[in-house]
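# Summary of the model geometry
These are the residues of each chain, in order.
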Amino acid sequence: MPRQVMPKQDPAERSRNFGEVALGFTPEQAAAEAARCLNCKKRFCVQGCPVEVDIPDFIQLLKAGDPAGAAAKIKEKNSLPAICGRVCPQESQCEKECILAKKGEPIAIGGLERFVADYAAEQAGGTVRPAKALPYRAAIIGAGPAGLTAAADLALQGFDVTIFESLHEAGGVLQYGIPQFRLPKEIVGREVEYIKQLGVKLETSVLVGQTVTVPELLEQGFQTIFIGTGAGLPYFLNVPGENLNGVYSANEFLTRVNLMKAYRFPEYDTPVRIGERVAVVGGGNVAMDAARTSLRLGAKAVYIVYRRSEEELPARYEEIENAKEEGIIFRLLTNPVRIIGDEQGVVQALECIRMELGEPDRSGRRRPVAVPGSEFQFPVDSVIVAIGQGPNPVLLRNTTGLQLNERGYIQADPETLATSIPGVFAGGDIVTGAATVIAAMGAGKKAARRMVEYCKQKYPNG
Amino acid sequence: MEIVAKDCLAPRIVRLVVKAPRIAAKAQPGHFVVVRLNDRAERIPLTIADFDRAAGTITLIIQEVGKSTAMINAMEPGQSFADVLGPLGTPYPIEKVGTVVGVAGGLGAAPLYPKVKALYEAGNRVIVILGAQRRELLILMEELRAVSHELIVATDDGSYGEHGLVTVPLRRVLEREKVDEVIAIGPVPMMDACCRITRELNVKTVVSLNAVMVDGTGMCGGCRVTVGGQSKFCCVDGPAFDGLQVDFAELRQRQRYYNAQEREAYQAHQHGMEGCRCRAK
Ligand SMILES: Cc1cc2nc3c(=O)[nH]c(=O)nc-3n(C[C@H](O)[C@H](O)[C@H](O)COP(=O)(O)OP(=O)(O)OC[C@H]3O[C@@H](n4cnc5c(N)ncnc54)[C@H](O)[C@@H]3O)c2cc1C
Ligand SMILES: Cc1cc2nc3c(=O)[nH]c(=O)nc-3n(C[C@H](O)[C@H](O)[C@H](O)COP(=O)(O)OP(=O)(O)OC[C@H]3O[C@@H](n4cnc5c(N)ncnc54)[C@H](O)[C@@H]3O)c2cc1C
Ligand code: SF4
Ligand code: SF4
Ligand code: FES
């Protein structure tokens, strides 16, 4: 039996709406897909999952007609399955290791995980296990996937947990970055609700480092702290014209549209201006999200401008395909050198130079080099810069004694995730640099385990 | 974040005292907050014009210029903001430098006040130049008088104090005596004009920039301003900057980018809305 293909919205249709692109398996499809699983003794698939979801077990429960049991099984390891099922790069994780991948048809583990999580959510609530209360208080800084996971795990262990989040909504990149059409915000909200049901307190609009500092939290009686503040600082190109109107960082553009719901202006108050022709600079998932969002806001022509070739595009294959189907135009081996504005200071054109691939660089990829004299311009109304993010300095500069690595991220022990401040742990993008949702969750999980050990050891009597 | 007191300082200018104990505990001159009125509202930056740590309150002074500020100014004590985030930005360094001239244009008196108050209490000689278009738009005059050694008032139409722009008394004071620092806060053209004079006379000048913001935490980069040829994030690196280095023309252009949408939202909103009673004046 072949691998089931998840139905998707038609490209012509979906490129004009914010509804979810991938529609999820039908119950019949899920059953058929589950039936393909060999329930291997050697669980290769599990090794591919950063949080070690018991993949064969949940699939067997699903096969036996117990989706609720399957959901509970996944939740033992993964508190955000509806999200991971949608945005995990499965092709390079669990599905890559599946024994059937050798024949090119791995089990659609992500699709099944999504099916099970969505099913369980519809069946009201899910099971929340009350934990025996322990006399420990933990503060979690940042409500992204790393922080949410650490919070959930600590609450399950009986900790009194408070999350401090600077934005007005929890979710981190899941909330402000990844667009509605890939990850509906209702689903993020539902998962956050689940974590609150575990007894976790969520305090939004608290910028740690400004509103309150890490040492103050320790003084206020939190025995242990997890920092999961992500890699939220947008990088720019440093080319002339970058401060013209119409030049956005992907963070700003996506935040306006996702978090602030500018796509529903004027019903929502925050505006966004994109125009008819948009150039998105970069080739990762963030660039694909910005490009596809631009189309949905009504742009007529959207370009991905990337300095290497198609082979090196860092975005997930699936997202590149989706973007192509929707009509995004790829201008590869092309690098911006200047942004040109009109007399109102609004973007008018992008000047680029053609690139060719030279010798491999340190990352092993062939290094792009400019072709002299090949500059050319094309008219655009907006430029969205999606060339990566770094660590936000606010918390870092206001936390004395917190050691950073040479790239400016928090220095954390790879085994324990302990930082240079006793009792303070860190994980996710703020330690590794921009990575994945599931890697951040894995870090949150690992840290939670260590935080429990730390407290029990340090404060045996509470 | 509940509003505990409200008064109208001038037509369309309202002062709100807001319960925000955590922010009040940390507020320093130069800090601002980002507020969101309700679930559909924008996040907008407002200066902490004053704070009372004991009472756990901060004071905001808001001028109605569009939909969000109109809605905020229509709120009454007992009502609450959905969110107030802060204190944000880098606080203004308060040191004893000697003689300081504070120049406020219109609503600029609100962000200027906590700074000159602190500078005055730190033992500096403080001269304040307060300007507005006309008499009834002068705000915080008595408050500023109480924290300065000299207060000069000017109105564009001559309805109170000197007749003319604040730049006239600014030049006069700078030519009259040695001044160690100027702080100019107000509309961009006013700050630009002040900096032209201080550049000519070579006096250190600090301005407070009001770039368009979204998060206010250094995450979006929308608040970029060019200072000394370098791009800075106004919310994290500022909002105070060396005025002699600021690219004011760029700031003015960036502030205008959403004008069409803002007007649309404002007009749709004004339809059938009363607003604060001070609008009638
Ligand atoms: C547009 C986009 C698309 C992506 N697509 C994918 C994808 O398809 N699949 C995938 O696996 N990964 C994807 N990623 C990457 C993934 O989202 C991140 O690796 C992941 O979210 C990192 O999680 P985190 O918890 O470390 O940080 P974040 O998600 O960044 O969360 C950090 C949180 O901390 C808060 N915070 C920051 N500073 C403070 C402070 N001082 N005080 C309080 N709170 C603070 C922030 O507001 C934020 O809510 C994408 C990223 C982006 C930007
Ligand atoms: C650090 C800082 C401190 C400020 N302090 C005060 C204050 O104490 N009192 C006060 O009345 N105003 C203050 N402002 C300005 C205030 O934020 C704007 O007047 C307000 O956002 C306008 O919103 P609106 O919907 O009413 O008007 P709109 O019709 O949306 O806009 C009118 C004008 O306000 C500016 N503006 C619009 N949106 C934003 C935004 N998100 N961020 C910044 N500026 C914007 C633009 O220049 C625009 O042309 C401050 C701004 C900054 C950056
Ligand atoms: S969490 Fe991600 S990697 Fe793990 S099984 Fe689920 S989809 Fe695969
Ligand atoms: S490796 Fe593949 S076939 Fe085997 S148990 Fe895992 S998912 Fe099923
Ligand atoms: S407002 Fe977003 S970075 Fe300053």
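Residues numbered from 1 in each chain as written. Chains lettered and ligands numbered in written order. Predicted model: local features only at pLDDT ≥ 70, side-chain atom pairs only at ≥ 80, totals over all residues. Heavy atoms only, no water.

## Brief notes about the overall build of chain B
From N to C terminus, chain B includes 9 helices and 16 strands. For 281 residues, the compact-globule estimate of 2.2 N^0.38 gives 19 Å, and the C-alpha radius of gyration of chain B, at 18 Å, lies within 12% of that figure. Within chain B, buried positions represent 58% of all 281 residues. Partitioning the intrachain contacts of chain B with sequence separation of at least 6 by distance along the chain shows that 65% fall at a separation of at least 24. Taken as a whole, chain B presents about 11,100 Å² of accessible surface, with 49% of it coming from carbon and sulfur. (Helix = DSSP H or I, 4+ residues; strand = E, 2+ residues; numbered from the N terminus. Rg over C-alpha atoms; globule rule 2.2 N^0.38 Å. Buried < 20%, exposed > 50% of the residue type's maximum accessible area, 1.4 Å probe, protein only. Contact = heavy atoms within 4.5 Å. Areas by Shrake-Rupley, 256 points an atom, 1.4 Å probe, with all protein chains shown as cover.)

## With respect to helix α3 (residues 109–121) of chain B
Residue and element names in this part refer to chain B. Under the 1.5 Å per step criterion, the end-to-end length of α3 is 18 Å for 13 residues, consistent within 8% with the ideal 18 Å. Counting buried positions over the 13 residues of α3 gives 10, a clear majority of the element. Residues of α3 that are buried: A109, A110, P111, L112, Y113, P114, K115, V116, A118 and L119. Taken from the residues just after α3, G123 is the one with a positive phi, measuring 95°. (Expected span 1.5 Å × (residues − 1).)

## A word on the site of ligand 1
Residue and element names in this part refer to chain A. In the vicinity of ligand 1, 35 residues are found, and the nearest of them are V87, A146, E165, R182 and D429. Contacts to ligand 1 include A435, whose backbone N or O atom sits 3.1 Å from an oxygen atom. For ligand 1, whose accessible area on its own is 1,000 Å², the fraction buried by protein is 95%. Taken together, the elements giving at least two residues each to the shell around ligand 1 come down to α9 (145–156), α14 (285–296) and α18 (437–458). Per-element tally for the shell around ligand 1: the top contributor is α14, with 3 residues. For the shell around ligand 1, the residue count by class is 19 nonpolar, 12 polar and 4 charged. Counting contributing residues, the shell around ligand 1 receives three or more from each of domain 2 (137–232 + 391–458) and domain 3 (234–385). (Near = heavy atom within 4 Å. Polar contact = N/O pair within 3.5 Å; in protein donor to acceptor, adjacent residues only side chain to side chain. Nonpolar A, V, L, I, M, F, W, Y, C, P; charged D, E, K, R; others polar. Domains from an automatic or database assignment.)

## Observations regarding the site of ligand 4
Taken together, A:C37, A:L38, A:N39, A:C40, A:C45, A:P56, A:C98, A:I99, A:I107 and A:I109 form the complete shell of residues around ligand 4. Here the residues of the shell around ligand 4 sort into 9 nonpolar, 1 polar and no charged.

## What to know about the UniProt feature "domain: FAD-binding FR-type" (unreviewed entry) in chain B
The residues that UniProt annotates with the feature "domain: FAD-binding FR-type" (unreviewed entry) are residues 1–94 of chain B. Structurally, residues 1–94 of chain B is divided into 14% helix and 44% strand, and its ends, taken at the C-alpha atoms, are 29 Å apart. (UniProt positions renumbered as here; feature names shortened; annotations may be inferred.)

## Overview of the interface of chain B and chain A
The interface of chain B with chain A comprises 41 residues on the first partner and 48 residues on the second. Each partner contributes to the roughly 3,900 Å² buried at the junction of chain B and chain A, and carbon and sulfur atoms together form 50% of this total. Area buried by chain B at its contact with chain A is led by B:R40, B:M219 and B:Y257, which between them contribute 20% of it. Remark: the boundary between chain B and chain A carries 4 salt bridges. When the shortest N-O distance is used, the salt bridge between B:R40 and A:E267 registers 3.3 Å. Looking at the side of chain B that touches chain A, the elements with two or more residues in it are α1 (21–26), β7 (83–88), β14 (224–227), β15 (230–233), α8 (248–255) and α9 (259–270) of chain B. The dominant element in the side of chain B that touches chain A, judged by the number of residues it contributes, is β7(B), at 6 residues. A per-class count over the side of chain B that touches chain A returns 15 nonpolar, 12 polar and 14 charged. (Buried area = accessible area lost by both parts, 1.4 Å probe. Salt bridge = Lys/Arg side-chain N within 4 Å of Asp/Glu carboxyl O.)

## Some points on the domain arrangement of chain B
Residues and elements named next belong to chain B. The assigned domain composition of chain B is domain 1 (2–88) and domain 2 (99–256). Between the C-alpha centres of domain 1 and domain 2 there is a distance of 21 Å. Taken together, the 20 residues of domain 1 in the interface contact 20 residues of domain 2. Roughly 1,600 Å² of surface becomes buried between domain 1 and domain 2 when both sides are summed, with 68% attributable to carbon and sulfur atoms. In this assembly, domain 1 and domain 2 are joined by 2 salt bridges. Notably, a salt bridge pairs K117 with D50, separated by 3.3 Å at the nearest N-O pair. For the pair domain 1 and domain 2, the number of links is 4 residue pairs in polar contact (both at pLDDT 80 or more).

## Focus: the sheet that holds strand β6 (residues 57–63) of chain B
All names here are of chain B. Read across the sheet, 4 strands follow the order β1-β2-β6-β5 without closing on themselves; strand pairing throughout is antiparallel. The sheet terminates laterally at β1 (3–10) and β5 (50–52), the two strands that pair on one side only. Adjacent strand axes in the sheet meet at a mean angle of 20° when their direction is disregarded. Pairing geometry for strand β2 (residues 13–19) and β6, over 7 bridges, is antiparallel. Following the sheet pairing, V17 is matched in β6 by T59. (Pairing = 2+ DSSP bridges. Axes fitted to C-alpha atoms, helices over the stretch in contact; angles between N-to-C directions.)

## Let's talk about the sheet that holds strand β6 (residues 247–249) of chain A
Residues and elements named next belong to chain A. Here we have 5 strands laid out as an open sheet, ordered β6-β14-β7-β8-β9, and parallel in their pairing. In this open sheet, the two strands that pair with only one neighbour each are β6 and β9 (329–331). Neighbour to neighbour, the strand axes of the sheet diverge by 25° on average, direction disregarded. The sheet contact formed by β6 and strand β14 (residues 382–385) spans 3 bridges and is parallel. Bridge assignment links S249 to a residue of β14, and that residue is V385. Along the sheet, α14 contacts β7 (277–281), β8 (301–305), β9 and β14; its crossing angle with β8, the most-contacted strand, is approximately 170°.

## A closer look at the pairing of strand β1 (residues 137–141) of chain A
Residues and elements named next belong to chain A. Among the 5 residues in β1, 4 count as buried, and that is most of the element. One ladder, built from 5 bridges, connects β1 with strand β2 (residues 160–164); its direction is parallel. Counted as the bridge partner of I141 is F164 from β2. With α9 bridging β1 and its parallel neighbour β2, the resulting β-α-β unit is right-handed. Relative to strand β4 (residues 224–227), β1 is paired through 4 bridges, and the arrangement is parallel. Its bridge partner lying in β4, A138 is registered against T224. (Right-handed = clockwise from strand over helix to strand, strands pointing away.)

## Overview of the pattern of salt bridges
Close approach of charged atoms lets side chains of opposite charge pair. Here the structure, examined in full by the defined rule, presents 55 salt bridges over all chains. Two residues, A:R43 and A:D54, come together in a salt bridge whose shortest N-O distance is 3.0 Å. Taken together, the residues A:R43 in the loop between α2 (27–36) and α3 (44–48) and A:D54 in the loop between α3 and α4 (55–63) connect sequence positions 11 residues apart. Residue B:E142 pairs with B:R145 through a salt bridge whose shortest N-O separation is 3.2 Å. Here B:E142 pairs with B:R145, and both are found in helix α4 (residues 141–146), just 3 residues apart, close to one helical turn.

## Remarks on the nonpolar core
The biggest cluster of nonpolar side chains holds 93 residues, and the ones touching the most others in it are A:I55, A:F58, A:I140, A:L154, A:V208, A:L217 and A:I227. Counting residues per element, this core draws most heavily on α18(A), which supplies 11 residues. Built from parts of two domains, this core gets at least three residues from each of domain 1 (11–123) and domain 2 (137–232 + 391–458) of chain A. The contact partners of A:F58, leaving out residues within four places of it in the chain, are A:V53, A:A70, A:K73, A:I74, A:I109, A:L112, A:E113 and A:V116. Counting residues in each nonpolar core, the second largest holds 42 residues, with B:L170, B:V182, B:V188 and B:C235 among its members. (Core = buried A, V, L, I, M, F, W, Y, C linked by side-chain atoms within 4.5 Å.)

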